[in-house]
Amino acid sequence: MPFADGCELVCHASDAEEEDRLFLRWAIMYQASMGFEEFKAELLPEHGAHGDGDGRSAAEILKDVKGIIG
């Protein structure tokens, strides 16, 4: 198998696994408050699952995490 095809396969498998995990997280905690597509769009960066993230610094993310867990 060509290297590029193998990389594409790995990326596809990674995306599918990420979607499965997101679905389980949504089903357990957020099913009553929002739809799955809305939940997924809120968590994934705009330019795809393998993007650069949302542009927040580590300090901003830690601040958000501390607010969530208390």
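Residues numbered from 1 in each chain as written. Predicted model: local features only at pLDDT ≥ 70, side-chain atom pairs only at ≥ 80, totals over all residues. Heavy atoms only, no water.

## Observations regarding the packing of aromatic side chains
Describing an aromatic ring pair means giving the distance of the ring centres and the angle of the ring planes. As enumerated under the stated definition, the model contains 4 aromatic pairs in all. When the centroid spacing of 5.4 Å and the interplanar angle of 75 degrees are considered together, the rings of Phe-23 and Phe-36 count as edge-to-face. Remark: Phe-36 occurs in helix 2 (residues 36–43) and Phe-23 occurs in helix 1 (residues 3–30); sequence separation between them is 13 residues. (Phe/Tyr/Trp six-rings, centres within 6.5 Å; stacked < 30°, edge-to-face > 60°. Helix = DSSP H or I, 4+ residues; strand = E, 2+ residues; numbered from the N terminus.)

## Quick notes on the nonpolar core
Within the largest apolar cluster, 5 residues are counted, these being Leu-22, Trp-26, Met-34, Phe-36 and Phe-39. Breaking this core down by element, the ones donating at least two residues are helix 1 and helix 2. The residues touching Met-34, leaving out its near neighbours within four places in the chain, are Trp-26, Phe-39 and Glu-42. (Core = buried A, V, L, I, M, F, W, Y, C linked by side-chain atoms within 4.5 Å. Buried < 20%, exposed > 50% of the residue type's maximum accessible area, 1.4 Å probe, protein only. Contact = heavy atoms within 4.5 Å.)

## A look at the packing of helix 1 against helix 2
At a minimum axis separation of 10 Å, helix 1 and helix 2 run at an interaxial angle of 115 degrees. For the crossing formed where helix 1 meets helix 2, the hand is right-handed. Contact with helix 1, carried on its side by Glu-19, Leu-22, Phe-23, Arg-25, Trp-26 and Tyr-30, involves Phe-36, Phe-39, Lys-40 and Leu-43 of helix 2 and no other residues of that element. Counted by class, the contact of helix 1 with helix 2 contains 7 nonpolar, no polar and 3 charged residues. (Axes fitted to C-alpha atoms, helices over the stretch in contact; angles between N-to-C directions. Left-handed = near helix turned anticlockwise from the far one by under 90°. Nonpolar A, V, L, I, M, F, W, Y, C, P; charged D, E, K, R; others polar.)

Just geometry here; none of it tells us what the structure is for.
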